[in-house]
Amino acid sequence: MKWLPVIARVLLGLVFLGSGIGGFVTHFAFPPDLPEGLKTFVTGLAASTYFLPLLKSTEIACGLLLLSGAFVPLALIVLAPIILNIFLTHLFLAPSGVPLALVIGALEIYLAFFAKPYKEIVGQIFRCPMKESRVSTRLKP
């Protein structure tokens, strides 16, 4: 069981490192057989000129952090909105990719909220200091 977080971290890191490098290697080209809605979406992203290089650079950086084991909670937090967008894009525009998006999402959720090395650190983001201060003032005599 102690190897499960390492396996999940490496798998997620490989997915994002590979996706990021793949984007630069192909010069952000997309397959011609994309569904029409997805083709419109990625054409808009590509038209911004900055977004795809930023996205793929972020994926490479976070993939390397996950693979190295350095700053894993930071990488998980940065990747969370990217993973959510991957899931929603596939859900609404290309349903054939939903299973892979679910696997990526499950790895993210496991690492961020259940894996012992990272859950305490990530959990700090979701605490409410105002609520905690009210509770602590009520407890004082």
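One can find the structure itself at the top, above this paragraph.
Throughout what follows, the structure given in this document is the object of discussion. From a predicted model like this one, the values you see are computed outputs, not experimental measurements.

The rules behind these values
- Residues numbered from 1 in each chain as written.
- Predicted model: local features only at pLDDT ≥ 70, side-chain atom pairs only at ≥ 80, totals over all residues.
- Heavy atoms only, no water.
- Helix = DSSP H or I, 4+ residues; strand = E, 2+ residues; numbered from the N terminus.
- Buried < 20%, exposed > 50% of the residue type's maximum accessible area, 1.4 Å probe, protein only.
- Contact = heavy atoms within 4.5 Å.
- Axes fitted to C-alpha atoms, helices over the stretch in contact; angles between N-to-C directions.
- Parallel < 35°, antiparallel > 145°, perpendicular 65-115°, else oblique.
- Left-handed = near helix turned anticlockwise from the far one by under 90°.
- Nonpolar A, V, L, I, M, F, W, Y, C, P; charged D, E, K, R; others polar.
- Phe/Tyr/Trp six-rings, centres within 6.5 Å; stacked < 30°, edge-to-face > 60°.
- Expected span 1.5 Å × (residues − 1).
- 1 Å grid on protein atoms, 1.4 Å probe; cavity = no way out; pocket = protein on both sides within 12 Å on 5 of 7 lines; lining within 4 Å.
- Points joined across faces, edges and corners; volume = space filled by probe spheres on them.

Comments concerning the environment of F87
Among the secondary structure elements, F87 is positioned in helix 4 (residues 72-93). Classification of F87 as partly exposed rests on a relative accessible area of 24%. Contact partners of F87, with chain neighbours within four places excluded, come to V98, A101 and L102.

Considerations on the packing of helix 1 (residues 4-25) against helix 5 (residues 98-113)
Between helix 1 and helix 5, the least distance of the axes is 10 Å, while the angle of their chain directions is 135 degrees. Classified by the interaxial angle, the pair formed by helix 1 and helix 5 is oblique. For the crossing formed where helix 1 meets helix 5, the hand is left-handed. Residues L4, P5, A8, R9, L11, L12, V15 and F16 of helix 1 form the contact with helix 5, whose participating residues are I104, L107, E108, Y110 and L111. Its residues assigned to classes, the contact of helix 1 with helix 5 comprises 11 nonpolar, no polar and two charged.

What to know about the packing of aromatic side chains
The final tally for this structure, using the stated rule, is three aromatic pairs. When the centroid spacing of 6.2 Å and the interplanar angle of 90 degrees are considered together, the rings of Y50 and F51 count as edge-to-face. For Y50, a relative accessible area of 52% puts it in the exposed group. Between F113 and F126 the ring centres are 5.5 Å apart and the planes differ by 55 degrees, which places this aromatic pair in the tilted class. Within this pair, whereas F113 is found in helix 5, its partner F126 is found in the loop between helix 6 (116-123) and helix 7 (129-139), the two being separated by 13 residues in sequence.

Digging into helix 5
With 16 residues, helix 5 extends 22 Å between its outermost C-alpha atoms, agreeing within 8% with the 22 Å of an ideal straight helix rising 1.5 Å per residue. Inspection of helix 5 places V98, A101, I104, G105, L107, E108, L111 and A112 among the buried residues, and these make up the whole buried set. Tucked inside the fold, the buried residues of helix 5 contact helix 1, helix 4 and helix 6.

With respect to the layout of surface pockets
By volume, the largest pocket is sized at about 800 Å³. Lining the largest pocket are 29 residues, with S19, F30, K56, I86 and H90 positioned closest to its centre. Counting residues per element, the ones that place at least two in the lining of the largest pocket are helix 1, helix 2 (36-47), helix 3 (51-68), helix 4 and helix 5. Tallied by class, the residues present in the lining of the largest pocket amount to 19 nonpolar, eight polar and two charged. For the second largest pocket, the calculated volume is near 260 Å³. In this structure, the second largest pocket is lined by 16 residues; those nearest its centre are A80, I83, G105, E108 and I109. Listed by contribution, the elements that provide at least two residues to the lining of the second largest pocket are helix 4 and helix 5. Ranked by residues supplied to the lining of the second largest pocket, first place goes to helix 5 with eight residues. Classifying every residue of the lining of the second largest pocket by side-chain character gives 14 nonpolar, one polar and one charged.

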